[in-house]
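Understanding the architecture of this molecule
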Amino acid sequence: MASGMIGSAREVVLGRIRAAKGPAASAEVVQAGWDGVRRDYQRSARHSQAEVIELLIDRLHDYDAQVMEVARGEVASAVTKMMTARGVRRLVVPAGLSAELLVEGFEFVVDEGLSAAELNTVDGVVTECTVAIAETGTIVLQNVPGQGRRAVSLVPDYHLCIVNVANVVETVPEAMDKLAPTACFATTFISGPSATADIEMTRIKGVHGPRFLDVILVG
Amino acid sequence: MSGTALDPRTAPTFPMAALTAMGDTQLRKNVRHATDVIQAKRARVVNEMPDWQALRESGKQIRQHTMEHLDYYLEEFEKNCTAAGGVVHWARDAAEARQIIVTLVKGLGATEVIKIKSMTTEEIQLNTALEAAGVHAYETDLAELIIQLGHDQPSHIVVPALHKNRQQIREIFKREMNLPELGESPQDLADAARTFLREKFLRVKTGVSGANFLIAETGGVCVVESEGNGRMCLTLPETLITVAGIDKVVPRFADLEVLLQLLPRSATGERMNPYNSVWTGVDVNGDGPKAFHVILMDNARTEILGDLEGRQTLNCIRCGACQNACPVYRQTGGHAYGSVYAGPIGAILTPQLQQMHHSQSLPYASSLCGACYEVCPVKINIPEVLIHLRNKVVKQNGMLNPEALAMRMMGIIFKSEGKFRAAQRLGRMAEAPLVRKDGRGQGWIGWLPGLLGGWTQVRDLQSMPEETFRDWWEKRESSKKQGVPRG
Ligand code: SF4
């Protein structure tokens, strides 16, 4: 069988590891070792929700994202405003995106397994997100309704993300807690538009991912 | 692909290679500029974290714990990744890893692959092997593209083309992309790369990547990047092949809360890099490739694991901070190290990956100033490992040569903390007559007596810092206790 060669490499490598550091330990011993890791770093929020939102906005501005803060009833007009300002007309949206975001005057293409080439022809994409991290200005998308496949938020040049303030946390550990139940879903952490510092350490926006990122905070 | 790959087995010794590098003033200027910028950015985002030292300690302990149970976590990863539809392969060494990848690619009938920057694929010289099998590998990271099109070699873990400035990059792109009118602003150059690669992303059906972290608990893989080229390679192809050293595994998804804070701040001086991707096997809802292979490669890592003092080398998360901080690297750039792993981490990792048969001069490519240890996000005591490896080199080459005796003395000093500190202070005093200050008040040593003279024949050493980190930290701690505001 095909596994002959591969199986033997597996046994050899595992054997070398055990020869190097001692025999295999039981699950209980491993668990106890992991529990014993010191974790004195900040795991929870230090600031009020209002301050956390402010911090997120500040971080997003740092990445040159445009940010709007709106009340629940004003989302549609905010979406219209943002997209008009960016001059986009035809946008892809993941299945399950909240219907109120599909505003008049724009063409929306629902992603039902569009090819990369098709994604390459739209002006932008609108998504929601699972969680946003204020301290790092990060939005986290997963492959769930309203957020969609990873390619959808990657190929178009413009990304508008709608963030519910209830999903904003201050620290990275809080975000990981929120993501844990869906840790196996395809997940992307996005911190500002695509960028590089490969040329003389100058931050250049937009190499391959979307060059423009806007965020609407809905509270 | 490009010119001869960096190969520790055939590379000239560090002092010889450094001599050449030191003669290239443009290179030294570019390296100095880039490392200055990253260091300043890093300092800013590290200083804003009041819990930075606690994060470093947790990072170190997570990595240490992982190495103690490496077999357990690799088997757990294998089980979970397989259950999620991934195919896990094991490779004893570079040759086996290359062979697995080439066989997979040929089996798909592919003649092209798109690649996201990966130190591991550089380590095993994958592109050369693919090329020999008639498969062209497109590097898609901007820096790697510059290097590939310029027939050059990477010189830094995180910013592989930092030795090239914009004029040099423009020349390469003009020539290789056939763009005679190309401007030289970084934006023009990035736009050229975007256009050049977009067509490849949409067309090529096979992707090859490395991994930053393999998550045992979920069977997931995490890749950290900036440009989105990684996301393209991980998402658009039909088949994805990931090669990772066995040291890349982490126990749990939650451990990323530590490592994803330490890595970007240390690597590029960002609070978070633009993109982190996490995927688990093959997505049931059709997100990403239909086939996923991951190769778990040893390639002498188990040798390092078996050496109690060298083992901490495996904790490395490849952030490059030690390179930026190293006075030797800042003078020579990366190529002098004769390996894709340059700087302090290269000085300890490369000889161990060669099982001490090659690169024997690398453990001496350091002034033991300790700057690398201070910036390392997982607290790898690089000076300690360097001393240990120097001992190994002298043992291997005979005990009685004068270098061996000197190194044994150093060993004794470094074993005792009190003696080590005394020696550091003594070192600063003893070097005083040799130091001349440059225009910015930085001290330089142009000549060293006796055995160490081999060093300064080819370079000036930066003098030891006025105050060691330990001294500074303790002073700071005690002044805090006395209620003096933090400086
Ligand atoms: S040794 Fe430490 S500082 Fe150097 S690259 Fe590895 S993790 Fe970063």
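Predicted model only: the values in this text are computed from it and were never measured.

Cut-off values and rules
Residues numbered from 1 in each chain as written. Chains lettered and ligands numbered in written order. Predicted model: local features only at pLDDT ≥ 70, side-chain atom pairs only at ≥ 80, totals over all residues. Heavy atoms only, no water. Near = heavy atom within 4 Å. Nonpolar A, V, L, I, M, F, W, Y, C, P; charged D, E, K, R; others polar. Contact = heavy atoms within 4.5 Å. Buried area = accessible area lost by both parts, 1.4 Å probe. Salt bridge = Lys/Arg side-chain N within 4 Å of Asp/Glu carboxyl O. Polar contact = N/O pair within 3.5 Å; in protein donor to acceptor, adjacent residues only side chain to side chain. Helix = DSSP H or I, 4+ residues; strand = E, 2+ residues; numbered from the N terminus. Pairing = 2+ DSSP bridges. Buried < 20%, exposed > 50% of the residue type's maximum accessible area, 1.4 Å probe, protein only. Domains from an automatic or database assignment. Phe/Tyr/Trp six-rings, centres within 6.5 Å; stacked < 30°, edge-to-face > 60°. Lys NZ or Arg CZ within 6 Å of the ring centre and 35° of its normal. Axes fitted to C-alpha atoms, helices over the stretch in contact; angles between N-to-C directions. Expected span 1.5 Å × (residues − 1). pLDDT = per-residue confidence, 0-100.

Bringing the site of the ligand into the picture now. For the ligand, the full set of nearby residues is Cys316, Ile317, Arg318, Cys319, Gly320, Cys322, Ile345, Cys376, Pro377, Ile380 and Ile382 of chain B. Of the residues assigned to the shell around the ligand, the class counts are nine nonpolar, one polar and one charged.

Attention now moves to the interface of chain A and chain B. Residue-level contacts link 82 residues of chain A with 94 residues of chain B. Buried surface at the junction of chain A and chain B, both sides included, amounts to about 7,600 Å², of which 57% is carbon and sulfur. Looking at the side of chain A facing chain B, the largest losses of area belong to Arg150, Met201 and His208 of chain A, adding up to 11% of the total buried there. One salt bridge connects glutamate 48 of chain B with arginine 59 of chain A, and the closest N-O pair in it is separated by 3.8 Å. In this structure, the connection of chain A to chain B is made through 40 residue pairs in polar contact (both at pLDDT 80 or more). Listing elements by their share of the side of chain A that touches chain B, those giving two or more residues are helix H1 (3-21), helix H2 (27-35), helix H3 (49-62), helix H5 (116-119), helix H6 (172-179), strand E9 (187-190), strand E10 (195-196) and strand E11 (204-205) of chain A. At 13 residues, the largest contribution of residues to the side of chain A that touches chain B is made by H1 of chain A. Residues belonging to the side of chain A that touches chain B are distributed by class as follows: 42 nonpolar, 20 polar and 20 charged. Across four bridges, E9 of chain A lies against strand E9 (residues 275-280) of chain B in antiparallel orientation. Note that in E9 of chain B the partner of threonine 187 of chain A across the bridge is valine 278 of chain B.

Residue and element names in this part refer to chain B. Phi at asparagine 299 takes a positive value of approximately 50 degrees, unusual for a residue other than glycine. Summarising the element assignment, asparagine 299 is placed in the loop between strand E10 (291-297) and helix H13 (301-305). One non-glycine residue, leucine 368, lies in positive phi territory at about 55 degrees. Assignment of secondary structure puts leucine 368 in the loop between helix H16 (343-353) and helix H17 (371-375). Given the relative accessible area of 10%, leucine 368 is considered buried.

Let's shift gears to the domain arrangement of chain A. The assigned domain composition of chain A is domain 1 (3-35) and domain 2 (49-218). A separation of 41 Å is found between the C-alpha centroids of domain 1 of chain A and domain 2 of chain A.

On to the environment of glutamine 66 of chain A. Residue and element names in this part refer to chain A. Relative to the assigned elements, glutamine 66 resides in strand E1 (residues 66-70). Overall, the relative accessible area of 42% leaves glutamine 66 in the partly exposed class. Distance in space between the C-alpha atoms of glutamine 66 and aspartate 214 is 4.8 Å, their sequence separation being 148 residues. With residues up to four places along the chain from it excluded, the contact list for glutamine 66 reads Met82, Arg86, Leu213, Asp214 and Val215.

Residue and element names in this part refer to chain B. Going through the model one piece at a time under the given rule, you end up with three aromatic pairs over all chains. Between tryptophan 279 and phenylalanine 292 the ring centres are 5.6 Å apart and the planes differ by 80 degrees, which places this aromatic pair in the edge-to-face class. Pair noted here: tryptophan 279 is in strand E9 and phenylalanine 292 is in strand E10, with a separation of 13 residues, a long-range link. Take tryptophan 279 and phenylalanine 292: they sit in the same class, and that class is buried. Considering the side-chain rings of tyrosine 329 and tyrosine 337, the 6.3 Å spacing of their centres and the 35 degrees angle between planes classify their relative orientation as tilted. Residue classification places tyrosine 329 among the buried positions, given a relative accessible area of 0%. The ring of phenylalanine 196 carries lysine 200 above its face, with NZ or CZ at 3.9 Å from the centroid.

A separate point is the sheet that holds strand E8 (residues 168-169) of chain A. Spatial strand order, E8(A)-E5(A)-E6(A)-E9(A)-E9(B)-E6(B)-E5(B)-E8(B): eight strands in an open sheet with mixed pairing. The sheet is open, and its two edges are formed by E8 of chain A together with strand E8 (249-250) of chain B, each paired on a single side. In this structure, strand E5 (residues 213-215) of chain B lies alongside strand E6 (residues 220-225) of chain B, joined through three bridges in antiparallel fashion. When the sheet's bridge partners are listed, isoleucine 215 of chain B is paired in E6 of chain B with glycine 220 of chain B. The sheet contacts of H6 of chain A involve strand E5 (131-133), strand E6 (138-142), E8 and E9 of chain A, and relative to E5 of chain A the element is tilted by about 170 degrees. The sheet contacts of helix H12 (residues 256-267) of chain B involve E9 of chain A together with E5, E6, E8 and E9 of chain B, and relative to E5 of chain B the element is tilted by about 170 degrees.

Our next topic: the environment of serine 77 of chain A. Among the structural elements, serine 77 of chain A can be located in helix H4 (residues 75-86). A residue is classified by how much of its surface remains accessible, and serine 77 of chain A, at 48% relative accessible area, is partly exposed.

Moving on to helix H18 (residues 382-397) of chain B. Here H18 of chain B is 16 residues long and its end C-alpha atoms lie 22 Å apart, about the 22 Å a rise of 1.5 Å per residue gives. Residues Ile382, Pro383, Val385, Leu386, Ile387, His388, Leu389, Arg390, Val393 and Val394 of chain B constitute the buried set of H18 of chain B.

Bringing the confidence of the model for chain A into the picture now. Of the residues in chain A, 97% have a pLDDT of 70 or more, and the chain-wide mean is 93. Segment residues 1-6 of chain A is flagged for pLDDT under 50; beyond a separation of four residues in sequence, or across chains, it makes six contacts in the model.

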